[in-house]
Each structure stands twice: as C-alpha cells, then as structure tokens.
Amino acid sequence: MSASDFRQIAIRAESGKAERLFRAAVSAFCSLTRPSRREIAQLEDLTLPLFANVSVESRRYVAAALSECEYAPTVLVRRLCEEPVDIAAPLLIRSRALSDIDLIALIGRHGLPHARAIARRKDLNPTIANLIRALEKPTLVSVRQQEAVAKTAPKSAEVVAPSPDSQHVPGAAAENARRRLRSMMRADDESGGATVNPFASAETYVKLRETALTGNVAFFQTALADALEIDFSTARSLTANQNYTSLLAALRALDLGEERAFLITVAVYPTEFPHPQAIRIFLDRYRLLHRDAALDRLRGWKAETLSKAIRNAGPVAANADIRKADSDNAAASPKARRV
C-alpha cells in the first residue's frame, strides 16, 4: 500500500470523526432547555472549524435541528443560511435567530431561492414580503405596491422607483427591489449606530490599543469604560471571562474594523490564539456579529451601570468605582487616564 493510500484512509477517518462530532455537538446543544452564553459560544467554537469538513447531509441535519431551537447560536445559524436553499430552508422559514436585516441581506446575496423560503415565515415584515413579491413576479408589481413600500421603508432609505420603460425590461423590477433592500440595510446601519453610540474615533482606538499593549489589564479596562460610557466594574467584567465573547461585542458596538478588533483582543487574550485556525474563528465570528446585536448588549451594560448608580444613590460616573480596585491597579490608574 502506498503512502497516498494511507493519506486517503486518514482523511476519510478524520472526515468521519468530524461528521460525528458536528452532529453530536448540535444534538446535545438542542437538548438543553436554556443554554448559557458560554455554552452557545462553546458550540460555535467547536462547530465552525468543522464546517468545511462535513457533508451536505450533516449540514442539512444541523440546519433542521437548529431551526426548532429557541436559543440557537446566531453565528452558526447565519453561516448555515449562506448555504444553498435546500440546506438553509428550515432556518429561513422558522429560525428566531434571524433578524429582518439578516433576511434582507440573505435575499440581497442569494436572490429568489432564499426569498421564496423567507416568504413562508410567520409574521414576516410587510416591507420584506412586498419586495419578495417584486422578485417573484417583477412584471406584475403595481404602483400601489411600490407606494406601500415607500411608506413603510425608513425615511432615510433610498427608494428606487422603476420608470415606465423599465417595467418591460426583464429583471428590471427585480433589480429595483434589490436596490430597495440594499438601501434599507444602509439606512438601518446608519440609524442604529447614531442613536446609541457614534462610531469609534481614531483617538478611541489608539487609547484602547495602547492600554491593551501595556499588559496592565486595569489600564485597558479604564479605557474601555470611557469608550463605552459604562462604569469600571462593568468594563472589568467584560474581560474577566475565560473567552473573549463579551469583548467581541464591545468592540463591535464601537464599530471597529476587524483588524483593529483582532489586535486589541489578542493583546488582552494572547493565549486564545495559539494557531491560525483560532484567528480564522475570531474573524468569522466578528464578521457575522451584527452591530445591532452588539448595541443591544451595550444597552444592557449601560442599564447595569445606571442600576448600580441608583442603588448607590450617587451620581453616575463612567469610572467611579475604579478607586475600589486592588492596590496595585489603583496605584497605576492615573497613568491609564493619561493615555
């Protein structure tokens, strides 16, 4: 038997192991009544690296299982929804992990096959339903439907109305529908960031980077609290976990680019990236983490800060409780504030 034969046997064995592990991990997760955030993150960390090595049947099985799961991991669900519709259909029809913006993005990338599956969702946003009908029967879209879309779309969205001549061009109405979908996505991104936290300035990034690179975690926690406008104890809790999930959401809420977010995260969690595959997982999770979800987390952290201030009956200050840190961190804190 040649060396190539041995390699093929090893590859088949490894593939079979990945298949069993992929299915078993998702099955065990779906049996949990109310999984914790840590368990959700662990499932994503386990299954995403295996994704490329499992068969279509396994992906279809996992998609069907997660479609019935109330607390399905968002990153894994979005990755499965990028698959052909014969795999993604259960999630497109039923999954609660997909927001309206997720559905719009999927229609924009995959077109009619995904749109038809999404049209079967219960309580589908009427704007999305109208746009799917425009893709399904572009030559039968009435002016009344177009006016309804214009009324329900955000005011800042660019609504592209087809000209009379374009109605007779094959695919013209469908392209106009895609433009409306893209404009809705842009409008949502712009409004979502402005109402909660403006984009992180270069100065904010530099401060986070430099404090992270000092190796003194209290410096970085102080800078993070200032950037997010939360108290020090809440910022400290974001980096006290064994994994970087909370920090990932914080950096996404600040709208940092993936390269900047990775540099900061690897400085705070250097042992989490022992090999290139760990870096790939980080980038996949960061790219698939919607800013809306990150901003929701940020609202919760701010509410926690406000709740503490009310309980203490004192004024809210972003870093009021840094004085309560241990003596070493407290002695170093003036340097952190000068960074």
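Here, the structure is the one placed above.
Model, not experiment: these values are computed from the prediction.

1. Details of the overall build of the protein
- Each helix and strand in the protein was counted, giving 18 helices and zero strands.
- Among the 339 residues that make up the protein, the fraction classed as buried is 44%.
- A fraction of 68% describes how many contacts in the protein between residues 6 or more apart in sequence connect residues 24 or more apart.
- For the protein, the exposed area adds up to about 17900 Å²; of that, 54% sits on carbon and sulfur atoms.

2. Quick word on the packing of aromatic side chains
- In the structure shown here, the tally under the stated rule is eight aromatic pairs.
- Centre to centre, the rings of Phe 22 and Phe 51 are 6.1 Å apart; their planes meet at 85°, and the pair counts as edge-to-face. Residue Phe 22 is found in helix H1 (residues 3–30), and its partner Phe 51 is found in the loop between helix H2 (37–47) and helix H3 (56–67); the two are separated by 29 residues along the sequence.
- Residue Phe 22 is classed as buried on the basis of its relative accessible area, which comes to 0%.
- Taken together through their ring pairs, the aromatic side chains of Tyr 244, Phe 262, Tyr 269, Phe 273, Phe 282 and Tyr 286 make up a single cluster.
- If you follow Arg 23 out to its NZ or CZ, it ends over the ring of Tyr 61, 4.8 Å from the centre.
- Arg 252 extends its terminal NZ or CZ atom over the ring of Tyr 286, reaching a point 5.8 Å from the ring centre.

3. Remarks on the side chain of Ser 58
- In this fold, Ser 58 is placed in helix H3.
- Among the polar contacts listed, one links the side chain of Ser 58 to the side chain of Arg 23, at a separation of 3.1 Å.
- Discounting residues that sit within four places of it in the chain, Ser 58 has contacts with Glu 19, Phe 22 and Arg 23.

4. A word on unusual backbone geometry
- Its identity is not glycine, yet Asp 123 carries a phi of approximately 55°, on the positive side.
- When you line up the elements, Asp 123 lands in the loop between helix H7 (112–118) and helix H8 (126–136).
- Unusually for a residue other than glycine, Asp 255 sits at a positive phi of about 65°.
- Relative to the helices and strands, Asp 255 is located in the loop between helix H14 (245–253) and helix H15 (258–268).

5. Describing the layout of surface pockets
- Here the largest pocket is characterised by a volume of approximately 740 Å³.
- Going through the elements one at a time, H2, helix H4 (74–81), helix H6 (100–110), H14 and helix H17 (291–312) are the ones with two or more residues in the lining of the largest pocket.
- In terms of residue class, the lining of the largest pocket is built from twelve nonpolar, four polar and ten charged.

6. Some thoughts on H2
- Of all the positions in H2, only Ala 41, Leu 43, Glu 44 and Thr 47 are classed as buried. Down the axis, H2 shows its buried residues gathered within 155° of arc, on one side only.

7. A few points about the environment of Phe 51
- Accessibility expressed as a relative area gives 2% for Phe 51, which makes it buried.
- Residues Phe 51 and Glu 19, 32 residues apart in the sequence, show an inter-C-alpha distance of 9.2 Å.
- Residues contacting Phe 51, with those up to four places away along its chain left out, are Phe 22, Arg 59, Leu 76, Arg 79, Leu 80 and Glu 83.

8. Quick look at the packing of helix H11 (residues 202–213) against H15
- Across the interface, H11 lies against H15 with an axial gap of 8 Å and an inter-helix angle of 25°. On the basis of their axis angle, the class for H11 and H15 is roughly parallel. Every pair of crossing elements has a handedness; the one defined by H11 and H15 is left-handed. Where H11 approaches H15, its residues Tyr 205, Leu 208, Arg 209, Ala 212 and Leu 213 are matched on the opposing element by Arg 260, Leu 263, Ile 264, Ala 267 and Val 268.
- Class assignment for the residues of the contact of H11 with H15 results in eight nonpolar, no polar and two charged.

9. Regarding the nonpolar core
- Membership of the largest hydrophobic core comes to 40 residues, with the highest contact counts inside it found for Leu 66, Val 77, Leu 80, Leu 92 and Ile 118.
- Secondary-structure elements contributing two or more residues to this core are H1, H3, H4, helix H5 (85–94), H6, H7 and H8.
- Among residues more than four places away in sequence, those in contact with Leu 66 are Val 26, Cys 30, Ala 72, Pro 73, Leu 76, Val 77, Leu 80 and Leu 91.
- One finds Leu 208, Ala 253, Phe 262 and Ile 264 within the second-largest nonpolar core, a separate group that totals 36 residues.

10. A few points about the pattern of salt bridges
- A complete count under the given rule lists 16 salt bridges for this structure.
- In this structure, Arg 96 engages Glu 70 in a salt bridge whose closest nitrogen and oxygen atoms are separated by 3.5 Å. Taken together, the residues Arg 96 in the loop between H5 and H6 and Glu 70 in the loop between H3 and H4 connect sequence positions 26 residues apart.
- Linking Glu 210 and Arg 209 is a salt bridge whose minimum nitrogen-to-oxygen distance equals 2.8 Å.
- With a relative accessible area of 25%, Arg 209 lands in the partly exposed category.

Basis of the calculations
Residues numbered from 1 in each chain as written. Predicted model: local features only at pLDDT ≥ 70, side-chain atom pairs only at ≥ 80, totals over all residues. Heavy atoms only, no water. Helix = DSSP H or I, 4+ residues; strand = E, 2+ residues; numbered from the N terminus. Buried < 20%, exposed > 50% of the residue type's maximum accessible area, 1.4 Å probe, protein only. Contact = heavy atoms within 4.5 Å. Areas by Shrake-Rupley, 256 points an atom, 1.4 Å probe, with all protein chains shown as cover. Phe/Tyr/Trp six-rings, centres within 6.5 Å; stacked < 30°, edge-to-face > 60°. Lys NZ or Arg CZ within 6 Å of the ring centre and 35° of its normal. Polar contact = N/O pair within 3.5 Å; in protein donor to acceptor, adjacent residues only side chain to side chain. 1 Å grid on protein atoms, 1.4 Å probe; cavity = no way out; pocket = protein on both sides within 12 Å on 5 of 7 lines; lining within 4 Å. Points joined across faces, edges and corners; volume = space filled by probe spheres on them. Nonpolar A, V, L, I, M, F, W, Y, C, P; charged D, E, K, R; others polar. Arc of directions from axis to C-beta. Axes fitted to C-alpha atoms, helices over the stretch in contact; angles between N-to-C directions. Parallel < 35°, antiparallel > 145°, perpendicular 65-115°, else oblique. Left-handed = near helix turned anticlockwise from the far one by under 90°. Core = buried A, V, L, I, M, F, W, Y, C linked by side-chain atoms within 4.5 Å. Salt bridge = Lys/Arg side-chain N within 4 Å of Asp/Glu carboxyl O.

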